[in-house]
Amino acid sequence: MASYFNNISKVAFEGRTSSNPLAYKFYDANAVVAGKTMNEWLRFGLAYWHAMTGTGSDPFGAGTMQRGWDRYSGMDQAKARVEAAFELMDILDMPYFCFHDRDIAPEGDTLQETNKNLDVIVALIKENMKSSGRKLLWNTANMFSNPRFVHGAATTCNADVYAYAAAQVKKQLEVGLELGAENYVFWGGREGYETLLNTDMKFELDNLARFFHMAKDYAKEIGFNAQFLIEPKPKEPSKHQYDFDSATTIAFLKTYGLDQVFKLNIEANHATLAGHTFEHELHVARINGMLGSIDANQGDELLGWDTDEFPTNLYSTTLAMYEIIKNGGLGSGGVNFDAKTRRASFEPEDLVYSHIAGMDSFARGLQVAAKLLEDRVLENIIDDRYSSFKSGIGADVLAGKANFKSLESYAMQNNPIVNKSGRQEQIKSVLNQYIMNV
Ligand code: XLS
Ligand code: CA
Ligand code: CA
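Only a predicted model underlies this, so the values are computations on that prediction, with no experimental measurement involved.

## Considerations on the environment of Ser 246
If you trace the backbone, Ser 246 turns up in helix α8 (residues 246-255). Beyond its immediate chain neighbours, meaning those up to four positions away, Ser 246 contacts Pro 232, Leu 264, Ile 266, Glu 281, Val 284 and Ala 285.

## Points about the packing of α8 against helix α10 (residues 278-287)
Across the interface, α8 lies against α10 with an axial gap of 9 Å and an inter-helix angle of 25°. Accordingly, the angle class assigned to the pair α8 and α10 is roughly parallel. Where α8 approaches α10, its residues Ser 246, Ala 247 and Ile 250 are matched on the opposing element by Glu 281, Val 284 and Ala 285. A per-class count over the contact of α8 with α10 returns four nonpolar, one polar and one charged.

## Looking at the side chain of Arg 67
Structurally, Arg 67 is set in the loop between α2 (48-51) and α3 (74-92). Among buried charged residues, Arg 67 stands out as having no salt bridge; its nearest opposite-charge side chain is Asp 70, 6.3 Å away. A polar atom in the side chain of Arg 67 sits 3.4 Å from the backbone oxygen of Phe 346. When residues no more than four places from it in sequence are discounted, the contact partners of Arg 67 are Ala 51, Thr 341, Phe 346, Glu 347, Pro 348 and Leu 351.

## Some details on the pattern of salt bridges
Scanning all chains against the criterion turns up 18 salt bridges. A salt bridge links Arg 286 to Glu 323; the shortest N-O distance between them is 2.6 Å. Highlighted residues: Arg 286 in helix α10 and Glu 323 in helix α11 (residues 314-326), separated in sequence by 37 residues. The exposure class assigned to Arg 286 is buried, which follows from its relative accessible area of 18%. Among the ionic contacts, a cluster of salt bridges with common partners joins Lys 10, Asp 90, Asp 93 and Arg 134.

## Some words on the coordination of the calcium ion (ligand 3)
Coordination sphere of the calcium ion (ligand 3), protein contribution only: Glu 267 (OE), His 270 (NE2), Asp 306 (OD), Asp 306 (OD), Asp 308 (OD) and Asp 308 (OD), at 2.2 to 3.2 Å. Classification of the site at the calcium ion (ligand 3) rests on its six donor atoms, whose angles at the metal span 43 to 161°, yielding the label irregular. For the calcium ion (ligand 3), the single-chain donor residues occur in sequence as E-x2-H-x35-D-x1-D. For the pair the calcium ion (ligand 3) and the calcium ion (ligand 2), the metal-to-metal distance amounts to 4.8 Å, and Glu 267 bridges them. Of this pair, Glu 267 sits in strand β12 (residues 262-267) while Asp 308 sits in the loop between β13 (291-295) and α11, and the two are 41 residues apart along the sequence. Asp 308 carries the same exposure label as Glu 267, and that label is buried.

Rules behind the numbers
Residues numbered from 1 in each chain as written. Chains lettered and ligands numbered in written order. Predicted model: local features only at pLDDT ≥ 70, side-chain atom pairs only at ≥ 80, totals over all residues. Heavy atoms only, no water. Helix = DSSP H or I, 4+ residues; strand = E, 2+ residues; numbered from the N terminus. Contact = heavy atoms within 4.5 Å. Axes fitted to C-alpha atoms, helices over the stretch in contact; angles between N-to-C directions. Parallel < 35°, antiparallel > 145°, perpendicular 65-115°, else oblique. Nonpolar A, V, L, I, M, F, W, Y, C, P; charged D, E, K, R; others polar. Buried < 20%, exposed > 50% of the residue type's maximum accessible area, 1.4 Å probe, protein only. Lys, Arg positive; Asp, Glu negative; His and termini not counted. Salt bridge = Lys/Arg side-chain N within 4 Å of Asp/Glu carboxyl O. Polar contact = N/O pair within 3.5 Å; in protein donor to acceptor, adjacent residues only side chain to side chain. Donors = N, O, S within 2.8 Å, 3.2 Å for Na, K, Ca; no water. Tetrahedral: all angles 85-135°; square planar, octahedral: opposite > 155°, others 65-115°.

Have a look at this one:
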């Protein structure tokens, strides 16, 4: 079989002093950290859309990527991509992958033809999964690229499009079942609005909830037990997206009785587009019992759009892994690289280098976060910070023994109030020590 990656051999762990660009410096799949192997904590996934179908085009120029499978077209190209994807996962020893329906097979002229194309490629993927042991972390339906979704999919004003979207998700639930997907993702790029002047927001949200209930019912009917995930993003391509961030999405799920059905797939770059840090979004999902999976990437502080860069920022990966360890792991979720090599990194080797960079950054984040937790660094600081609630009037509040009258009489005689420093800068320098020394 021809190599799409210039016969690069399997990437091995060589340790932090290795100068081999094709080796892992921190990711050692079977090394045990905080009671589990790195592989069990991280469950890395390949994003088919960036790795296999991304072209490197931008609004100002054509694609730049040199990809062996681009010498084919149509179904031949789709088949070549499957071979290439499994070769890349083999080189990286990547246990999982994720795709949209339209990444793996081209659309036909009719929905019937499109589904037939899918069936052919799904069978090929299934064979490759069997022989390689690689697994499907999640699949999803692309309901944003085709012009039919101009007004949205499950939030469209056009009932015909709503029906089409339902048919598309129905098929993907069947595909997920066929391939043993561990999760199913909904990302609503066009589920939002451009202007309120022509939008009935309540109507659209009610319809979106109806759609999710129908998806849940159908999954149950066919015995597809994957975890359902919603991926928040505030904007792009829509001006305002309904799944704006974790808090907004959780409120929506609770309002419509869907909070027991869904968890969240949190993407780093979507968090920053929403004006939050990645760890904020993970934290909000975690404290609500809804942290399901992550799309690992990073944005650019100087650019206001979704750049989907490979994650290399150790502060971010450390604080993300801190949330994930505190969550007890990601359950059936994983760390999916929803990241693309830059337009100028167009050689096939760049796909290998960039995944190594991302995997090492998360492995390192895991090591540092585990040590921070083992030493209870932040736990002790936080415990101490709220210690006024452990005794006296604070303990009364927690025990439900206080009311406005008792609090007033306490406040009247408690003069002056004394506050303590939050010590942010000192805490950050301790974090630096851990990142550098662990
Ligand atoms: C786009 C999203 C998308 C989802 C899956 O910004 O990240 O790729 O992860 O539809
Ligand atoms: Ca994503
Ligand atoms: Ca993104």
